[in-house]
Amino acid sequence: MSKRIQAGWALLLVGWMAALVGDAANGEAEVTELQAQLLEQIVADARETRGYTGRAQLSQRVLDVMAAVPRHAFVDRYGTASAYANRPLPIGHGQTISQPFIVALMTDLLDLEADHRVLEIGTGSGYQAAVLAALVKQVYTIEIIPALAQEAERRFEQLGIENIAVKTGDGYFGWPEAGPFDGIMITAVGPDIPPDLLAQLKVGGRMVLPVGSQYGAQNLKVVTRLEDGRHKAEDVLPVAFVPLTGDH
Ligand code: SAM
């Protein structure tokens, strides 16, 4: 190959690599911008719903994590603009990833601390579990659809998230060997508070879950486990979730 042709190739290669690096930088800048816009909407939604939730502001720790966890990595079939829109999205198998504001609110309502161990029912895409994992020591998550559980596990591996354990099965019965938990979150709606899950909650621990019917009214509830097997349940916000399925 002549020196002139070699130099031409080298220039082409440098130009191509610069374009690739430029694209990656543009992509990162776009994600940062979309994450910032989403955060503003979450903050605004929190203010607007304070009459229901009693929380005009979510904790800064939760907001920081919402700004940092890459939602686009959990909804890889969509573009980044859809991934950072403040709305639920289909994730296949008739299931959805929840609206980011609801993810932030449910996370906030658990009042998490860094040394907590948390159980999530309804892994779905894995996004909510990743948000929880950025705030606490260990997350356990159960998904009833095997393909979704496997996909979520693959995403956690790819993202280097090591403090989430995934199980395939009916989360209505919880994960007794791993309990008791400081917090439990259910991301699918059922008609009651699952008694096995209540039993796996520490005294003083909180459970956040939607209760109601698939096509009727649903309410987000916060349940606190009290001494002597008692509990206190508070209604927080009307919501719309996919059903908790299984033979329970
Ligand atoms: N948390 C998820 C995320 O971040 O993508 C979204 C959850 S989606 C709204 C509800 C999930 O609950 C679905 O993936 C569904 O398959 C799952 N599910 C429904 N019934 C279940 C059950 N009995 N046990 C475990 N998972 C269940």
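Residues numbered from 1 in each chain as written. Predicted model: local features only at pLDDT ≥ 70, side-chain atom pairs only at ≥ 80, totals over all residues. Heavy atoms only, no water.

So, on to the site of the ligand. Contacts to the ligand come from 27 residues, most closely from Ser125, Glu143, Asp170, Gly171 and Thr245. Glu143 places a side-chain nitrogen or oxygen 2.6 Å from an oxygen atom of the ligand. Asp170 is positioned with one of its side-chain polar atoms (N or O) 2.8 Å from a nitrogen atom of the ligand. Relative to its free-state accessible area of 610 Å², the ligand is covered by the protein chains to the extent of 99%. Looking at the shell around the ligand, the elements with two or more residues in it are strand E2 (95-97), strand E3 (117-121), helix H6 (127-133) and strand E4 (138-143). Looking at side-chain class alone, the shell around the ligand contains 11 nonpolar, 13 polar and three charged residues. (Near = heavy atom within 4 Å. Polar contact = N/O pair within 3.5 Å; in protein donor to acceptor, adjacent residues only side chain to side chain. Areas by Shrake-Rupley, 256 points an atom, 1.4 Å probe, with all protein chains shown as cover. Helix = DSSP H or I, 4+ residues; strand = E, 2+ residues; numbered from the N terminus. Nonpolar A, V, L, I, M, F, W, Y, C, P; charged D, E, K, R; others polar.)

Note that His116 resides in the loop between helix H5 (100-109) and E3. Setting aside chain neighbours within four positions, we find His116 in contact with Asp111, Val136, Lys137, Gln138 and Asp182. (Contact = heavy atoms within 4.5 Å.)

To continue, consider helix H7 (residues 146-159). Note: α-helices contain 3.6 residues per turn, so residues at a spacing of three or four share the same orientation. With 14 residues, H7 should reach 20 Å at 1.5 Å per residue; the first-to-last C-alpha distance of 20 Å fits that figure. Its buried side turned inward, H7 meets strand E1 (89-92), E2, H6, E4 and strand E5 (164-168). Of the residues trailing H7, Gly160 is marked for its positive phi of about 75°. (Expected span 1.5 Å × (residues − 1).)

With that out of the way, let us pick up the nonpolar core. Core analysis: the largest hydrophobic core is formed by 54 residues, its most contacted members being Ile42, Met66, Tyr127, Phe156, Leu220 and Leu237. Per-element tally for this core: the top contributor is H5, with seven residues. Beyond its immediate chain neighbours, meaning those up to four positions away, Leu237 contacts Thr49, Tyr52, Thr53, Phe101, Ile102, Leu105, Gln218, Asn219 and Leu220. Ile121, Phe181, Leu198 and Leu201 belong to the second largest nonpolar core, which has 19 residues in total. (Core = buried A, V, L, I, M, F, W, Y, C linked by side-chain atoms within 4.5 Å. Buried < 20%, exposed > 50% of the residue type's maximum accessible area, 1.4 Å probe, protein only.)

A few words now on the packing of aromatic side chains. Tallying each qualifying case throughout the model produces four aromatic pairs. Judged by centre distance (5.8 Å) and plane angle (65°), the ring pair of Phe74 and Tyr127 falls under edge-to-face. A residue pair is termed long-range when its members are at least 10 positions apart, and Phe74 in the loop between helix H3 (60-68) and helix H4 (80-83) and Tyr127 in helix H6 qualify at 53 residues. Note that Arg71 overlies the ring of Tyr127, its terminal NZ or CZ placed 5.7 Å from the centroid. (Phe/Tyr/Trp six-rings, centres within 6.5 Å; stacked < 30°, edge-to-face > 60°. Lys NZ or Arg CZ within 6 Å of the ring centre and 35° of its normal.)

With that settled, the discussion passes to the pairing of strand E7 (residues 201-212). Every other side chain in a regular strand lies on the same face of the sheet, so the side chains alternate between the two faces. Judged from the four bridges that link them, strand E6 (residues 181-186) and E7 form a sheet pairing that is parallel. Opposite Phe181, over in E7, you have Leu201 as the bridge partner. Direction of pairing for E7 relative to strand E8 (residues 218-225): antiparallel, over a ladder of seven bridges. Pairing of Met207 across the sheet is with Val223, part of E8. Hairpin connection of E7 to E8: five residues between the antiparallel strands. (Pairing = 2+ DSSP bridges.)

Another aspect to go through is unusual backbone geometry. A cis amide bond links Gly179 to the next residue, Pro180, at an omega of 0°. The residue Pro180 is located in the loop between E5 and E6 in this model. In the Ramachandran plot, Asp228 falls in the positive-phi region, its phi being about 60° despite a non-glycine side chain. Checked against the element boundaries, Asp228 lands in the loop between E8 and strand E9 (231-238).

Our next topic: H5. The buried count for H5 comes to 10 of 10 residues, which makes it a mostly enclosed element. Looking at H5, one finds that the buried residues are Pro100, Phe101, Ile102, Val103, Ala104, Leu105, Met106, Thr107, Asp108 and Leu109. Immediately beyond the C-terminal end of H5, within one or two residues, lies Asp111, with a positive phi of roughly 50°.

The next subject is the side chain of Arg225. Of note, Arg225 is situated in strand E8. Look at Arg225: it is buried, it has no salt bridge, and the nearest opposite charge is Glu227 at 8.3 Å. A polar contact of 2.9 Å, which involves the side chain of Arg225, links it to the backbone oxygen of Leu201. The residues touching Arg225, leaving out its near neighbours within four places in the chain, are Leu198, Ala199, Leu201, Lys202, Val203, Gly204, Gly205, Arg230 and His231. (Lys, Arg positive; Asp, Glu negative; His and termini not counted. Salt bridge = Lys/Arg side-chain N within 4 Å of Asp/Glu carboxyl O.)

Keep in mind that these numbers describe shape and distance, not what the molecule does.
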